[in-house]
Each structure stands twice: as structure tokens, then as C-alpha cells.
2 protein chains.
Amino acid sequence: MFESAELGHKIDKETYRKAVPELRSALLDAQYELKEQGKIPVIVLVSGQDGAGKGETINILYEWMDPRFISTLAFSAPTDEEQQRPVMWRYWRALPPKGRIGIFAGSWYSGPIHDRIDGIMTKSAVDARIDQINRFEQMLVNEGALILKFWFHLTKDGQRRRLKALEKDPRTAWRVNKWNWDRLKTYDKLQDVVGHVLRMTNTPWAPWIIIEGEDDRYRSLTTGNILLDAIKQRLAGTEKQTTPVAPPVPVNLDGRDVLSELDLTLKIAKKEYENQLAKWQGRISELVRDPRFKAKSLICVFEGSDAAGKGGAVRRITAALDARDYQIVPIAAPTEEERAQPYMWRFWRHVPRMGRVTIFDRSWYGRVLVERVEGFCAEADWLRAYSEINDFEHELADAGAVVVKFWLQIGKDEQLKRFKEREKIEFKRFKITEEDWRNREKWDAYHNAICDMVDRTSTGNAPWTLVEANDKNYARVKILRTVCERLEAALAGADDKSKKKQGT
Amino acid sequence: MFESAELGHKIDKETYRKAVPELRSALLDAQYELKEQGKIPVIVLVSGQDGAGKGETINILYEWMDPRFISTLAFSAPTDEEQQRPVMWRYWRALPPKGRIGIFAGSWYSGPIHDRIDGIMTKSAVDARIDQINRFEQMLVNEGALILKFWFHLTKDGQRRRLKALEKDPRTAWRVNKWNWDRLKTYDKLQDVVGHVLRMTNTPWAPWIIIEGEDDRYRSLTTGNILLDAIKQRLAGTEKQTTPVAPPVPVNLDGRDVLSELDLTLKIAKKEYENQLAKWQGRISELVRDPRFKAKSLICVFEGSDAAGKGGAVRRITAALDARDYQIVPIAAPTEEERAQPYMWRFWRHVPRMGRVTIFDRSWYGRVLVERVEGFCAEADWLRAYSEINDFEHELADAGAVVVKFWLQIGKDEQLKRFKEREKIEFKRFKITEEDWRNREKWDAYHNAICDMVDRTSTGNAPWTLVEANDKNYARVKILRTVCERLEAALAGADDKSKKKQGT
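Residues numbered from 1 in each chain as written. Chains lettered and ligands numbered in written order. Predicted model: local features only at pLDDT ≥ 70, side-chain atom pairs only at ≥ 80, totals over all residues.

Participant: Honestly, the overall build of chain A in this entry has me stumped. Any pointers?
Facilitator: Check the secondary structure of chain A and you find 20 helices and 10 strands. If one aligns the C-alpha atoms of chain A with their principal axes, the spans along those axes are about 85 × 60 × 45 Å. In chain A, which comprises 504 residues, the proportion classed as buried is 37%. Excluding contacts between residues fewer than 6 apart, the proportion of contacts in chain A whose partners are at least 24 apart in sequence is 84%. (Helix = DSSP H or I, 4+ residues; strand = E, 2+ residues; numbered from the N terminus. Buried ≥ 20, exposed ≤ 12 C-beta atoms within 10 Å, placed from the backbone. Contact = placed C-beta atoms within 7 Å.)

Structure below.
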């Protein structure tokens, strides 16, 4: 893997001096075109051995390009806001918008590589993370990003020479500390781990670019040229790059599916409803105040037919909570800043910290529901969304979030009845829009989309709960009970884990 | 101040039951109109004594309104990201956008009140903070916000009764802990401090609303009614509320001003330039690596005539820095999310943490330059901006930021020469737009705006440096030297302070 980067590559002063001006103005032009076009975010990972010229290369890229449209993100120890969320949250919040270049000095690779060397992560944990990273990068590429992953390599002798040279020069001596020299001692171990990680993440959509780091001119010029070519190629390429997807296949030939199996006649009488409501609300309010919940979070997702009663159900949950502990996130059209980011970005930004509750009124499932049915995105986009969504929810669950998802289903007749009732009520809030009527015409298309969604995204960590919602009382009680049960199970699980840690 | 809130106000069950449905639907209507109009952010501060019903009131507001368009912010101990920035940063990031309601459970008042009681803040420090808060709220109101500051009051006996009642009820017992009972012991002290703070912040633009907290129905209904009336009044009021402003007065009758006094013939020869450049860049790079800089930050602001060489000057600074330590923020048109916030919000979001550098390429001075000259905002808006800007920079400096501001001035002939040169160069990056030519026609209007800006915003903490920029070498050296001198002074000051703390 590192063979070509151990040949002692060098560029002489004269060649370098001649090449730079042209490269520089070409880079500037490419950068401006990128900005003007505003479609491609460029993600540049600068990684490699200590002393291999990471910092110098970043600085020279700034010299060559317009620094106003580059941002560099350095990741040291996570802040407490980051610690309380999934591992990848800090990288999501640092993604460059379309048209800009984001340089990552340190990235999602630093954690697993260093933790593996220090023995904090097991090999299988690293492999799981690698899988996650590959999928993350694939998603970014599918969303239009250009990812360039540079690894600056040094041989062991080369690293020793570089560190000595840096130490000797008063302008760079500060860069070298004991920690760097220690790293030299673990050179072989690092190479082992890095070799494995790089090989496993050397994907077709985001391959590694390994560059010999010893000679400054060679390293800078090579990096600059590669960056330029990659940007130019992506600007020239008109077709959208996406992962191949298999079209959905019909499996419900007998007309039976998860929706048609629902018994929409289920009901709860008023008196019983009031008892149940009080019981489950009381239970929820206890659960979120349980000390074990401080290491968990609760994420509720509400999807459902129009007029199925999402709002009312949400209120029955929040009535049991303290307003200071939760946020409701209504999902409408994305803002300008959200449109400049991958689809999932606007949901990542609302991921709650530990001990808190976030309720999504509509959600990331928009892509496989309304966007699919209305044709707002390409088939390839919504087809790949299923696994992107699963990845997202998996990361949430991994970080301690309890993800509870509801689909509220009402019958077509019941919906008509509710639409008509709402039209009669004068309050603006119950206004039925033309869109609601139009959606109704696509009842069957939605039906199929919902069944596919449930099949493909109901996972062990984040199962769907289908709610028979013709009777509002029944629906609300089922929702409250489900939230309680999921929370209870999660807190009991937390208990088991902490017991295990204590060795009991 | 609390007299009317000690009368034992009560609302009987029947009256309450009758009043609520109407209030509720009126609140919902008002909330939807607010949202549809999208111009007014509503900021509701819910504060008061322990046990006075803060949490209950927030919860009931959620019950009465559409919770999807309300957010509640609870502020406990600041996160480390917040600690490393000015005190008010955490509140800025929590402001609701236009059309939404943001409830602050705990607010910018909690800190000074509790720190005063605990003896952490001196009386004069509290008064300084009060002054800052008043100006902050005034700015919010001028920017269109509706601020409602509720204080729920209890007599000492009333508080004891409330705590006992809460403790007795199993559903609310968890709300009461030892800390609450301790607060009862310091009731008089709290009243003293609160009385002072409330009196001093009882401004015409954001007066306090003091409500007796003992009776739930009275408190809820009163709060709801006040909120409703306030929103309705603001929705009905067409005229924009702004602080009265005095128009600018001409004082330069003799034709002399800070710009005309500049000697634009100042030059540095190439050889000397190179020496100076190396010297100051080396110095900057040392200063930002000085351990004392970890408790400081550097904020550079670049403003100047078109083609004055801002970009080149910025590059000469960044060349001395590590790309991982700084961010360049180019200021262009605000995004949708930025337009939904007060003018200064989009600058606050880029305030660096300690130990870091942020360079603004154009800045918050846009309001008193281009927006003033082009008439993009009302006269009242740019006139009040001077003091809002001074407040902002004062807060930055207070938190340890070194704020260095440059105006780069070139002569009218020199600008023409540069425009023509740029037009000849084929690279897109040097494109001269029609806007540049149009701005040139307004040379005199800009001249006046610049002089006013310097007079009104060059402060001890954040002075303007006017840079004679006809000669780029001269300009760059002056800029680098100024940054060094300001940084040196700040680090020396940090030294003095830490010595003082150690009592030497």
C-alpha cells in the first residue's frame, strides 16, 4: 500500500518554481467555478504520520487558493456538547456547504487509529467503525460531495530525518514535542493499524491518496495537482454519481401488507382512556427523571396520514414532560443552509444531548414518503435513503438514544370525515389545504411507500410502531405505552451494562 | 415593586374553566398569525422564586399553544464551548427566529442574580451587567422582537406553603429538593437582590411583569392573557418601534477629516518590505503560540475601499498562522436563517473560542457603510448600529478577545488604476463587477460614512487603524505590525492580571 510512497520522490527547486504559478491560478479558477456552480462540497482529509507535512500542506493550499472559501477543521478532544452526542455528530456539524472546500486536519479516522494503537478499541470495534465510515463517505459522495483523502507517508528513517530537521529549524521547532518522538517508537505499530484501516476504507467512491511526505516540494505539488484535477473532473462531469440501486420488488401479491393487516376498528372508551392516559403519562414522567436516563436520550418520530392525529398524540407525550427537557422539531421545507448540505444534515443538527427528549413531527422519512411519491428526488436517491436512514438511527441508538417511531394510520373514509370536519371549523389552524386533498388522490402510492418504508427501516434498534388511529383514544394510549415500554427496556439494559462493568 | 403581587390573587375553578377555551383558541390564532407574518420573534422570560410555578406555567403555555413553534431553553451550567466565549454568546445562539416563540427558563438574569447572592459578583459588576442587559434587550426590541419578562413572586409564607404543597403531592414532590428549602432561608437576601435587578432593568422597551405565583389558576390565566394581548398588539401595530436617534452632525467644516489627513504617498521599498514582512510574521506566529494566548482570542476586521488590497493583507497574516488555528469569515448577503435573526446574530455565531483567530473579510460595519450609503436600511437602523457595534466589541474584549480593525484607504486615482488593471487580467477572480463601478460613483458618500464610523466606533478596547494603502507593501507591514503590537499588549496585560491574582 505504501510502496510507491517510499521511492524517495523529489522535485527540484527550478521545476517547482516553474510549476507553481500555473497551478496556483488554475486552482483559483477551479475554486471560483466551484463556488459559482454551488453544487459540490469538497472534503479534503489531510492525514499522515507526524512530521510528514500535514500542517505545511494545508498552509500551502491556503496560499494557493482563496482562503475565504476554505475552512479548516482541527479536531482535538471532543467538547462536552460533542461528547453527549453520537461520535459522528462533530463531523456532521463541520461539513462544508456546497461550493466550498473543507479541510479536515484530523478526521473520523483519527479516533479509531489512535484508540487502536493505545489499545482502547478492540480490532472488531475498529472494523465496525470502518464499516460505518465507509457508509458515511458513500452517502456524502452520493449527495454530491467530492472527497479527497490524503495520507502523507514517511519511512521510519524518513520520519526520523523529518523530525530532526523540523527541530533544528527555529521556525518549526515548536511543532516537535516529546509526543512526536514517542510516536516514532511506535512506528511499526502505527503502520500496522494504518495499513489495515486504509486498506479497508480504500473504497471506489473515496479512495486513499498516499503521498510521500519527506520532500516539501514534491508533496505540495502532488497534492495541489491532484486536488486541481479532481475538482476539474467533477466540475466537468455532468452526470450525477450515485451508488447502483436495485428497484423495489413487489412481494405482496396476495394483497396483504402491514397496513391492510391493521384493525382500524380498535377503540378505547372514554373512561378507560382517561385512566390509561393518567397511568402512562405518570410513568413517562417518572422514566425521564430516572437517574439512568441521564446517560440516554429519547427521540420520537411521528409520521402518519394527513389528519391522522399526530399533533394530538405529540401533546399527550409532552404533557407528561417538563418543557425544559424536550424540543419539538417540526419538519417543513429545508432552509437555504440546509439545502447546501447532505439530506440528513438537517436532522443531525437537532440530535439531542444526553438526558433530553426530541420529538420530530415528520422526519427524515420524508425522502421515502412524500419525496418518493411526488417525484421530488430521483429514484436512486430515495432507494439509497433506506440504508442511510438505518445508519443514522443505528448511530443514534449506539450513542444511547432510544428511537421510537410511529406511523399513524387512518382509513380513507375516516380521513374524508376529518377533512370535512376541519373545513367547518373556522380557526385557521385547522385549515385544510389543497395539498391535503391532492395527497389524498395518491392514497395508493403512499400506501406502497409506507409498506416499503416499514419493511426496510424497522430495525431491532429502531422498530416502527404502526398505530391504528381511527380512534384517537386508542392511538394515544398505544403511543404512550410504546414510549414507556421502550424507555423501560432501555433503562433496564443500562442497568445490566453498568452491573457488568462492576463485575457483578 | 412587588406590592400588587402580594394581595393573595385567586381565580376560582368555574371562572377559570370558562375562560380557558376562548383564551386558548385566541392564543393559537395569534401564534399562527405570528408565524405567517414571520417578522416578530417573541422572547418570553419565565423567572421568579422557587416554587412560584415557572415550570407549570411553561407547561400550560405548551398545552394552550402549538408546541411545534415554541422552543424552551433551559440554561444550567455553561458548556465548555460556551465558557470559552463571551457570557452572552449562549443566549444569542438560543434566540428564536422571527415568527416563533422562544421561552427562556432561566435567562441572562439568572447569572447576575445568583452570583450576587452567592457573593461571586460585586454590586458594581452586577450593575455593569445590568447596563449590558438593558442595551441587549433594547437592541432586540429595535430589531423587531417582542420581549415579555415574567417574574413570578411569592411572599415568604407563600413560598413555604407552595414548597410544602409541592412536596406533599406525589406528582410534584420531585421538584422540591434541599436546595429549594435553602433558598427559603435566603428569601430576604434574594428579594433584596432581585428588587434591585428588576428595578434597574424595568425599561420602557422591556418592562417586568410581576405576577403573584401562589394560585395556579390566577398565574396561568394572567400569563396567558398578557401574552395574548402583547402578541395581538404587536401584530396590529404597523409602525416599526425604534429608539429615538439623533441625526449625524457635520463637524468637519474646514474639510479636514481622518481620511483626508492620511498621507497616501507612504511607501516601503521592496527589500525593506521583505525584511519587515519576515520579522512581523515571525513575531505573530510566536505570539499565537504563547501559552498566555490560550486565554485570549484574536479577531481581525478588514474593511476598505474596493481594490484596496484586503485579500492580500489577510493572506500576509494567515501565512504566519497554522491553518488549524484560524477561520476566515467572508461576509456576503445573509442567509435565510440569518435574516430571521437580529442583525448582529450572524457575527455572533462566528465568535471564536479562546486560543483561536477569526478574520472577518468585511464585517458588521456593513450596516454603517454599504447599508447606510445604499439605503438598504432605515436611517434609524444604522444610527443605532454604532452603539450596538460598540456593545458587541466591548463584550468580545471583555471575554479576552483582541479586536483589531483595519480600514484600508486608497486614493480615487489609485482605485481607477487598479480597476483597469484588473479588467485586463483574464482570471475570473479579478473580475470587476458593475457594482464596483457604481460604488465608485458614491465615493463622497462613503467618505462621510467612513469618517462617522471611525469617530463613533474607535474605542479604547477596539480602536480603528486607518491604513494608507496606495502602496501595498506599506499597508501590509503596518497591518502586521499593528496586530503584533495589539497582541503583545494584550498578553502583557494578561500577565499583569495573573500577577495581581497571585498577589505579587
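Participant: Is there a simple way to explain the packing of helix α7 (residues 156-168) of chain A against helix α8 (residues 178-185) of chain A in this structure?
Facilitator: A pair of packed helices is captured by two measures, namely the crossing angle of their axes and the spacing between those axes. All names here are of chain A. Running from amino to carboxyl end, α7 crosses α8 at an angle of 165°, the nearest separation of the two axes being 10 Å. Looking at the two axes, α7 sits roughly antiparallel to α8. Where α7 crosses over α8, the two elements pack in a sense that is left-handed. For the pair α7 and α8, the contacting residues are Q159, R160 and L163 in the first and N180, W181 and L184 in the second. Among the residues forming the contact of α7 with α8, the class breakdown is 3 nonpolar, 2 polar and 1 charged. (Axes fitted to C-alpha atoms, helices over the stretch in contact; angles between N-to-C directions. Parallel < 35°, antiparallel > 145°, perpendicular 65-115°, else oblique. Left-handed = near helix turned anticlockwise from the far one by under 90°. Nonpolar A, V, L, I, M, F, W, Y, C, P; charged D, E, K, R; others polar.)

Participant: How should the nonpolar core be read in this particular structure?
Facilitator: Most often, soluble globular proteins have nonpolar side chains that are buried together. Judged by nonpolar contacts, the single largest core of 110 residues is most densely connected at I284, C300, I359 and V483 of chain A together with V44 and I103 of chain B. Top element by residues in this core is helix α20 (residues 472-501) of chain A. It accounts for 9 residues. Setting aside its immediate chain neighbours within four residues, C300 of chain A contacts I317, I359, F360, V404 and V483 of chain A. Counting residues in each nonpolar core, the second largest holds 107 residues, with V193 and V197 of chain A together with I299 and A475 of chain B among its members. (Core = buried A, V, L, I, M, F, W, Y, C linked by C-beta atoms within 7 Å.)

Participant: It is not clear to me how the relation of the copies chain B and chain A should be interpreted in this structure. Could you clarify?
Facilitator: The relation between the two chain copies is a rotation about an axis coupled with a shift along that axis. When chain B is fitted to chain A, the residual RMSD is 0.0 Å, and the transformation amounts to a turn of 180° plus an axial shift of 0.0 Å. The operation mapping one copy onto its partner corresponds to a two-fold rotation axis. Interface overlap between copies is the fraction of interface residues in one copy that are interface residues in the other; for chain B against chain A it reaches 100%, indicating a shared surface. (Least-squares fit on C-alpha atoms with pLDDT ≥ 70 in both.)

Participant: Can you walk me through the pairing of strand β3 (residues 101-105) of chain A in this structure?
Facilitator: If a strand is regular, its side chains alternate between the two faces of the sheet. All names here are of chain A. Here β3 lies mainly inside the structure; 4 of its 5 residues are buried. As judged from the 5 bridges shared by strand β1 (residues 42-48) and β3, these two strands associate in the parallel manner. Counterpart to L45 in the pairing with β3 is F104. Where strand β2 (residues 70-74) meets β3, 5 bridges bridge the pair, whose relative direction is parallel. Its bridge partner lying in β3, L73 is registered against F104. (Pairing = 2+ DSSP bridges.)

Participant: What's the story with helix α6 (residues 123-142) of chain B in this structure? I'm lost.
Facilitator: In an α-helix, one turn spans 3.6 residues, which is why side chains three or four residues apart end up on the same side. All names here are of chain B. Over its 20 residues, α6 extends 28 Å from the first C-alpha to the last, a length consistent with the 28 Å expected when each residue adds 1.5 Å. Burial in α6 covers these residues: R129, I133, F136, E137, Q138, M139, V141 and N142. G144 lies just past α6 and shows a positive phi near 105°. (Expected span 1.5 Å × (residues − 1).)

Participant: Just to check I follow, could you spell out unusual backbone geometry for this structure?
Facilitator: Leaving glycine out, the prevailing phi sign among residues is negative, and the prevailing peptide bond configuration is trans. Residues and elements named next belong to chain A. Residues other than glycine seldom take positive phi values, yet R362 does so here, at roughly 65°. Here R362 lies in the loop between β8 (357-361) and α15 (370-374). Of the residues examined, R362 has 18 C-beta atoms within 10 Å and is grouped as partly exposed.

Participant: Can you walk me through the environment of D325 of chain B in this structure?
Facilitator: Inspection of the secondary structure assignment puts D325 of chain B in the loop between α12 (310-318) and β7 (326-330). Sequence spacing of D325 of chain B and V288 of chain B is 37 residues, and the spatial spacing of their C-alpha atoms is 8.9 Å.

Participant: Just checking my understanding: could you explain the sheet that holds strand β7 (residues 326-330) of chain A for this structure?
Facilitator: Sheet strands pair via backbone hydrogen bonds, and the direction of the pair is either parallel or antiparallel. All names here are of chain A. Judged by pairing direction, the sheet is parallel, and its 5 strands sit side by side in the order β7-β8-β6-β9-β10 without closing on themselves. Unpaired on one side and paired on the other, β7 and β10 (464-468) mark the two borders of the sheet. Neighbour-to-neighbour, the strand axes of the sheet open up by a mean angle of 20°, direction not taken into account. Summarising the sheet, strand β6 (residues 297-304) and strand β9 (residues 401-409) pair through 8 bridges and their orientation is parallel. Paired with L298 across the bridge in β9 is V402.

Participant: What is the right way to read the interface of chain B and chain A from this model?
Facilitator: Chain B puts 39 residues into the contact, and the matching count from chain A is 39 residues. At the level of secondary structure, the elements contributing two or more residues to the side of chain B that touches chain A comprise α1 (13-37), α2 (54-64), β2 (70-74), α3 (80-83), β3 (101-105), α12, β7 and α13 (336-339) of chain B. For the side of chain B that touches chain A, the element with the most residues is α2 of chain B, which contributes 5 residues.

Participant: Before we go on, may I ask you to explain the sheet that holds β3 of chain A in this structure?
Facilitator: Residues and elements named next belong to chain A. Strands sit in the order β2-β3-β1-β4-β5 across an open sheet of 5 strands; the sheet is parallel. In this open sheet, the two strands that pair with only one neighbour each are β2 and β5 (208-212). Across this sheet, the average inter-strand angle for adjacent strands is 20°, counted without regard to direction. Strand direction decides the pairing type here: strand β4 (residues 146-153) and β5, joined by 5 bridges, are parallel. Each bridged residue has a counterpart across the sheet, and for K149 the counterpart in β5 is W208.

Participant: Is there a simple way to explain the domain arrangement of chain A in this structure?
Facilitator: Many descriptions give the size of an interface as the accessible area lost when the pieces come together. Residue and element names in this part refer to chain A. Domain assignment breaks chain A into domain 1 (3-236) and domain 2 (270-501). The C-alpha centroid of domain 2 is placed 39 Å from the C-alpha centroid of domain 1. In this assembly, 16 residues from domain 1 lie in contact with 18 residues from domain 2. Elements that contribute at least two residues to the side of domain 1 that touches domain 2 include exactly α4 (89-92) and α6 (123-142). Classifying every residue of the side of domain 1 that touches domain 2 gives 8 nonpolar, 2 polar and 6 charged. (Domains from an automatic or database assignment.)

Participant: Hey, could you run me through the pairing of strand β4 (residues 146-153) of chain B in this one?
Facilitator: Residues and elements named next belong to chain B. The buried count for β4 comes to 7 of 8 residues, which makes it a mostly enclosed element. In terms of strand pairing, strand β1 (residues 42-48) meets β4 through 7 bridges, oriented parallel. The residue of β4 that forms the bridge with I43 is I147.

Participant: Looking at this structure, I do not really get the environment of L383 of chain B. What am I missing?
Facilitator: Residues and elements named next belong to chain B. The topology assignment puts L383 in helix α16 (residues 379-398). Accessibility expressed as a C-beta count within 10 Å gives 21 for L383, which makes it buried. With 136 residues separating them in the primary sequence, L383 and P247 have C-alpha atoms 7.5 Å apart.

Participant: Whenever I open this one, the confidence of the model for chain A confuses me. Can you help?
Facilitator: Note: predicted coordinates in regions of low pLDDT should not be interpreted at a detailed level. In this model, chain A carries an average pLDDT of 90, and 96% of its residues clear a pLDDT of 70 or more. Across the assembled chains, the prediction reports ipTM 0.80 with pTM 0.87. (pLDDT = per-residue confidence, 0-100.)

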